[in-house]
Amino acid sequence: WIAPAMNVAFGALVPLAAPDWRLGLFAVGAFGLSAGIGIYNVCVRAALQTSVPAERLGRTMASIRLFSRGMLPVGALTAGGLATATSPRVAVIAFMALLALCPIWLRMSPVGRVHTLAELSQPVGRVRE
């Protein structure tokens, strides 16, 4: 949940950009978003490789990619429609507001209370508080 929170913090800089010194806010925000996504992906892959049985890992990863990558065109069309109806800045602000829900949801879930990969192999309800 920390990496998505980092995404929110850096992502908040992106809509503040303007064609002057504030262009640097976009650069810092975009870099932070990319780094946060990379960190999150490494953590998720490590968790999956630890907790999913080897014989199901390929199907699990393929399913995750199908649904996560399949949503990219839906998000692009939605963002494009919102940007056309309002402005690109409003669309980015709306996306960042939705992105702010991710770390909250993750922290409130049982996954957000996992501190080590070893805890993922424990039965549900046995995660350290």
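Below or above, wherever it landed, is the structure these notes cover. (Residues numbered from 1 in each chain as written. Predicted model: local features only at pLDDT ≥ 70, side-chain atom pairs only at ≥ 80, totals over all residues. Heavy atoms only, no water.)

1. A word on the layout of surface pockets
Right, on to step 1. Within this model, the largest pocket holds a volume of roughly 1300 Å³.
Right, on to step 2. Together, 29 residues line the largest pocket, and S68, L72, F95, L99 and C102 are the ones closest to its centre.
Right, on to step 3. Taken together, the elements giving at least two residues each to the lining of the largest pocket come down to α1 (2-11), α2 (23-51), α3 (54-85), α4 (88-99) and α5 (101-108).
Right, on to step 4. Per-element tally for the lining of the largest pocket: the top contributor is α3, with twelve residues.
Right, on to step 5. Residue composition of the lining of the largest pocket, by class: 21 nonpolar, five polar and three charged.
Right, on to step 6. Space inside the second largest pocket adds up to approximately 640 Å³.
Right, on to step 7. Taken together, 22 residues line the second largest pocket, and the ones lying closest to its centre are W1, C43, A47, V111 and V114.
Right, on to step 8. Elements supplying a minimum of two residues to the lining of the second largest pocket: α1, α2 and α5.
Right, on to step 9. Here the lining of the second largest pocket gets eight residues from one element, more than from any other, and that element is α2. (1 Å grid on protein atoms, 1.4 Å probe; cavity = no way out; pocket = protein on both sides within 12 Å on 5 of 7 lines; lining within 4 Å. Points joined across faces, edges and corners; volume = space filled by probe spheres on them. Helix = DSSP H or I, 4+ residues; strand = E, 2+ residues; numbered from the N terminus. Nonpolar A, V, L, I, M, F, W, Y, C, P; charged D, E, K, R; others polar.)

2. Section: the pattern of salt bridges
Right, on to step 1. Throughout the structure, instances matching the rule amount to one salt bridge.
Right, on to step 2. Residue D20 pairs with R22 through a salt bridge whose shortest N-O separation is 2.9 Å.
Right, on to step 3. Given the relative accessible area of 35%, D20 is considered partly exposed. (Salt bridge = Lys/Arg side-chain N within 4 Å of Asp/Glu carboxyl O. Buried < 20%, exposed > 50% of the residue type's maximum accessible area, 1.4 Å probe, protein only.)

3. Brief notes about the side chain of S109
Right, on to step 1. Residue placement: S109 occurs in the segment after α5.
Right, on to step 2. Here L106 takes part through its backbone oxygen, which lies 2.8 Å from a polar atom of the side chain of S109. (Polar contact = N/O pair within 3.5 Å; in protein donor to acceptor, adjacent residues only side chain to side chain.)

4. Observations regarding the environment of V90
Right, on to step 1. By the element assignment, V90 lies in helix α4.
Right, on to step 2. Residue classification places V90 among the partly exposed positions, given a relative accessible area of 38%.
Right, on to step 3. For V90 and P15, which are 75 residues apart along the polypeptide, the C-alpha to C-alpha distance reads 8.1 Å.

5. So, the packing of α1 against α5
Right, on to step 1. In contact at an axis separation of 8 Å, α1 and α5 are set at 160° when each is read in the N-to-C sense. As judged from the angle between their axes, α1 and α5 are roughly antiparallel. When you trace α1 past α5, the crossing you get is left-handed. On the side of α1, the interface is formed by P4, A5 and V8, while α5 contributes C102, P103 and L106.
Right, on to step 2. Grouping the constituent residues of the contact of α1 with α5 by class yields six nonpolar, no polar and no charged. (Axes fitted to C-alpha atoms, helices over the stretch in contact; angles between N-to-C directions. Parallel < 35°, antiparallel > 145°, perpendicular 65-115°, else oblique. Left-handed = near helix turned anticlockwise from the far one by under 90°. Contact = heavy atoms within 4.5 Å.)

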